Amino acid sequence: MPHPPHRPDHATVLAEVRAVRRAGVVRLRGLDIPELSRIARERLGTPGELPGRAVERLLRDAVAGIGGGTLQTAAEYTLGLAQGTRDWPPADRRRRAAEVYGVSVERFRKHHEVMVLDQITEQILGLTATATATVATAAEDDAATAHGRGAPAPGPHRLAPAHRVIKPRVHDRVVPVTLHVHSVDLLRGVDVVVSPSNTYFALPAPYKASVAAALRRAAARTDATGGVVEDHVHDELRDWAVRHGIPGRAALPGTVAATSAGAMAAQGVRRIYHLAVAVPRPGTNDYDVQPADITRAVDRAFTLLAAESARHDPPLASVCLPLLGAGRGGLPALESFGALWTAVEAELARGAPWDIHLVMRRQARADLVERLLTGRRP
């Protein structure tokens, strides 16, 4: 009987990635990083290869998996993987990574670096999950062949679920929460979807990869060639700004604007609430997001939901929230979720009847949220 595969712990891997940040890859050989060494050996190791070399290859694969942009560049400088930085002192690497984001070293240390290291850890866990699934499948196939049964049929647990229902306890009652692990535009049957916005309520271009761009794209009506016929969310958000006297100027962080869901009505989505949580940084393409603004905005979204619910037939009852500010806003997923859940928990503690959904694209983030809400590893 094969032993169950070892599942690395997020906190342990993150602690070892932090150790690499302090030492740099040039000093990998002398570091006490047993979990990274084990992962690298099982996934990448070749006979006779030095452990430090395998760990470095693992880290490079993880950073490459981020997919480019400022986040990947900052990650390369942070660990000393960028060309010519292997022997840089940690302070110099941190300073250069801060320059990538155009922020002070102190702000980078407190905010952006936390996000960078968390993303590297998520990528490592993602690579590990893929390798573990391959090994487990091979072991099952070998066992089946050994017992004369031939190759087994595809099992139900070989892919991580795209939907999970967890049941955290909130103030002495159990409240089901649905986790959606996919792009926001694939949501079905959720009355209200929350979308992060900047304080100008200016939408990103539809081809962008953000939550707001995906919702704009999904809500638009298109012709047979894919050309946009009606840009519902863009037009309604512009009209909302005109009605409230803010076109061309910033609203206060925490402001909430509501639009229809446009073409997403065919998917059972009826409203989109746009939460102003990102404050543009003058002269740059970057934003500042404060956790307090997330909490305030989510609280106001629930107030709006309560006011609008009965006006619809049937009443609005479910709401789905992404991890606000955890993309371009630069907040670590843990900090974003903590700010969001503060408002959700307060609403549920008051006895609110809403059906709560959370959406995120990465399984590692869903694992993190499940651990936080249930107190156990998924």
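Scroll up for the structure.
Below is a short write-up of the structure. (Residues numbered from 1 in each chain as written. Predicted model: local features only at pLDDT ≥ 70, side-chain atom pairs only at ≥ 80, totals over all residues. Heavy atoms only, no water.)

1. A short note on the overall build of the protein
The number of helices and strands found in the protein is 11 helices and 12 strands. For the protein, the proportion of its 378 residues judged to be buried stands at 46%. The long-range fraction of contacts in the protein, counting pairs at least 24 apart against all pairs at least 6 apart in sequence, stands at 61%. About 18,500 Å² of surface is accessible on the protein, with carbon and sulfur atoms providing 55% of the total. (Helix = DSSP H or I, 4+ residues; strand = E, 2+ residues; numbered from the N terminus. Buried < 20%, exposed > 50% of the residue type's maximum accessible area, 1.4 Å probe, protein only. Contact = heavy atoms within 4.5 Å. Areas by Shrake-Rupley, 256 points an atom, 1.4 Å probe, with all protein chains shown as cover.)

2. As for helix H5 (residues 90-101)
Counted at 1.5 Å a residue, the expected span for H5 with its 12 residues is 16 Å, and the 17 Å between its end C-alpha atoms agrees. For H5, every residue scored as buried is listed here: Arg93, Arg94, Ala97, Ala98, Val100 and Tyr101. Relative to the axis of H5, the buried residues are bounded by an arc of 150 degrees and lie together on one face. Downstream of H5 by a residue or two, Gly102 has a phi angle that is positive, lying close to 70 degrees. (Expected span 1.5 Å × (residues − 1). Arc of directions from axis to C-beta.)

3. A look at the side chain of Arg281
Its location among the elements puts Arg281 in the loop between strand S9 (271-280) and strand S10 (287-289). By relative accessible area, Arg281 is classed as buried at 15%. Those residues within four positions of Arg281 in sequence are excluded, and the remaining contacts are Tyr101, Gly102, Val103, Arg107, Asp286, Tyr287 and Asp288.

4. Remarks on the packing of aromatic side chains
Scanning all chains against the criterion turns up 4 aromatic pairs. Here the aromatic rings of Tyr101 and Phe108 are separated by 6.3 Å at their centres, their planes lie at 35 degrees, and the arrangement is tilted. With respect to burial, Tyr101 and Phe108 carry one shared label: buried. (Phe/Tyr/Trp six-rings, centres within 6.5 Å; stacked < 30°, edge-to-face > 60°.)

5. As for the pattern of salt bridges
According to the stated counting rule, one finds 24 salt bridges in the structure shown. Linking Arg281 and Asp286 is a salt bridge whose minimum nitrogen-to-oxygen distance equals 3.7 Å. On the accessibility criterion, Asp286 (21% relative accessible area) is partly exposed. Linking Arg350 and Glu347 is a salt bridge whose minimum nitrogen-to-oxygen distance equals 2.6 Å. On the basis of relative accessible area, Arg350 is assigned to the exposed category, the value being 56%. Classification of Glu347 by relative accessible area gives buried; the value is 10%. Salt bridges here are not isolated pairs; linked through shared partners, they connect Arg107, Arg281, Asp286 and Asp288. (Salt bridge = Lys/Arg side-chain N within 4 Å of Asp/Glu carboxyl O.)

6. So, the nonpolar core
One finds Tyr273, Leu275, Ile294, Val298, Val344 and Leu358 to be the most contacted residues of the largest nonpolar core, which totals 45 residues. A total of 8 residues in this core trace back to one element, the largest contributor, which is helix H10 (residues 333-349). When residues no more than four places from it in sequence are discounted, the contact partners of Leu358 are Val177, Thr178, Leu179, His180, Cys320, Leu321, Phe337, Leu340 and Val369. Counting residues in each nonpolar core, the second largest holds 38 residues, with Leu14, Ala98, Phe108 and Leu125 among its members. (Core = buried A, V, L, I, M, F, W, Y, C linked by side-chain atoms within 4.5 Å.)

7. Thoughts on the pairing of strand S4 (residues 177-181)
In terms of residue burial, S4 counts as a mostly covered element, since 5 of its 5 residues are buried. Here S4 shows two buried faces, one formed by Val177, Leu179 and Val181 and the other by Thr178 and His180. Direction of pairing for strand S1 (residues 163-166) relative to S4: antiparallel, over a ladder of 4 bridges. Considered in S4, the bridge of Ile166 is made with Val177. As judged from the 5 bridges shared by S4 and strand S12 (residues 355-360), these two strands associate in the parallel manner. Each residue of the ladder has a partner; that of His180, found in S12, is Val359. (Pairing = 2+ DSSP bridges.)

8. Re helix H1 (residues 10-23)
Taking 1.5 Å as the rise per residue, H1 with 14 residues should run 20 Å; its terminal C-alpha atoms sit 20 Å apart, in good agreement. Those residues of H1 lying buried are His10, Val13, Leu14, Glu16, Val17, Ala19, Val20, Arg21 and Ala23. One or two positions beyond H1, positive phi appears at Gly24, with a value near 85 degrees.

9. Focus: the environment of Gln72
Note on placement: Gln72 falls in helix H4 (residues 69-79). When its relative accessible area of 16% is taken as the criterion, Gln72 is described as buried. Considering only alpha carbons, one finds Gln72 and Ala62, 10 residues apart in sequence, at a separation of 9.7 Å.

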